[in-house]
Amino acid sequence: MEHSQRITIAIDGFSACGKSTLAKALAKKLDYVFIDSGSMYRCVALYAIENKLFDESGKPDSTKIIEALSKIQISFKKIPESFSNKVFLNEQDVSEKIRMANVASIVSDIATIAEVRSFLVSQQQALGKNGGIIMDGRDVGTVVFPAAELKIFVTADPKVRAKRRFLEQQAKGSSETIEEVRSNLAHRDHLDLTRAIGPLKQAEDAVVLDNSDLSEIEQLEFALKLVGSRIHKAV
Ligand code: CDP
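Residues numbered from 1 in each chain as written. Predicted model: local features only at pLDDT ≥ 70, side-chain atom pairs only at ≥ 80, totals over all residues. Heavy atoms only, no water.

Draft legend 1. The site of the ligand, seen in detail. The full set close to the ligand counts 19 residues, and Arg42, Ser108, Arg117, Asp139 and Asp192 are the nearest of them. Alanine 16 places a main-chain nitrogen or oxygen 3.1 Å from an oxygen atom of the ligand. Between an oxygen atom of the ligand and a side-chain N or O atom of arginine 165, the distance comes to 2.8 Å. With the chains in place, 97% of the 530 Å² that the ligand exposes on its own is no longer accessible. If you list the elements that add at least two residues to the shell around the ligand, you get helix 2 (37-50), helix 4 (101-110) and helix 8 (178-194). Per-class residue counts for the shell around the ligand are 4 nonpolar, 5 polar and 10 charged. (Near = heavy atom within 4 Å. Polar contact = N/O pair within 3.5 Å; in protein donor to acceptor, adjacent residues only side chain to side chain. Areas by Shrake-Rupley, 256 points an atom, 1.4 Å probe, with all protein chains shown as cover. Helix = DSSP H or I, 4+ residues; strand = E, 2+ residues; numbered from the N terminus. Nonpolar A, V, L, I, M, F, W, Y, C, P; charged D, E, K, R; others polar.)

See the structure below:
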């Protein structure tokens, strides 16, 4: 599909409800840039783990993490023939490491730190300054790109989400149980919904997509219809 007007598409929603799958499929159809904003929060979490930025009680130490931000460089490299990116943290390819359970277990605590959010939000805005971008996350339609032409808020039944993430992790060789996956998702949802800055919230002008019973193709078709309507509206 080709369109001369390259809009901004924000996809927000709960953990493990298929946002990235949808965003990647849309990017491929539209030939847009795809950015997974969660991978940037995961990079900060990985940096904290590798540099032991924890307090005595074993929690991420926000003072140390804020001090370290100037040493954290995140970049993306498009994988040829694909609409995914490799994620680099200080020149090191961390695409796989950031998906591990130890990162998932602390990332949402780190995402509550205001300075971490402003550090990453300004980089996300710079990545999208020319349009033609699809970004998924929690606050993309509300904070990062409040003027995005299309905002989709994705949701799915918690049981379906836990099963999807469990199968995804199993395929990567993880030994996490479905109960562990479910409890991590519930923990992250709670932190994401209740934090003071950039909480997970449906933008007023977002379209809700509950994909509990939709296939990947069906959700893509739903989103493509919305893209068509937004592009026609804007021209
Ligand atoms: O893949 P999954 O949906 O489980 O999570 P993710 O998109 O990789 O994001 C990891 C974590 O980063 C989330 O649980 C949020 O706590 C945080 N995050 C955020 O606060 N704001 C964003 N725009 C994206 C992610």
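Draft legend 2. Molecular detail of the packing of aromatic side chains. According to the stated counting rule, one finds 1 aromatic pair in the structure shown. A ring pair is formed by phenylalanine 14 and phenylalanine 153, whose centres lie 6.2 Å apart and whose planes are at 80°; its orientation type is edge-to-face. Pair noted here: phenylalanine 14 is in the loop between strand 1 (8-13) and helix 1 (19-30) and phenylalanine 153 is in strand 7 (residues 150-155), with a separation of 139 residues, a long-range link. Each member of the pair phenylalanine 14 and phenylalanine 153 is classed as buried. Geometry around phenylalanine 83 places lysine 78 over its ring, the cationic atom sitting 4.4 Å from the centre. (Phe/Tyr/Trp six-rings, centres within 6.5 Å; stacked < 30°, edge-to-face > 60°. Buried < 20%, exposed > 50% of the residue type's maximum accessible area, 1.4 Å probe, protein only. Lys NZ or Arg CZ within 6 Å of the ring centre and 35° of its normal.)

Draft legend 3. Region of interest: the environment of glutamate 180. With respect to the secondary-structure elements, glutamate 180 resides in helix 8. The exposure class assigned to glutamate 180 is partly exposed, which follows from its relative accessible area of 43%. Each C-alpha atom of the pair glutamate 180 and aspartate 61 lies 24 Å from the other, and the pair is 119 residues apart in sequence.

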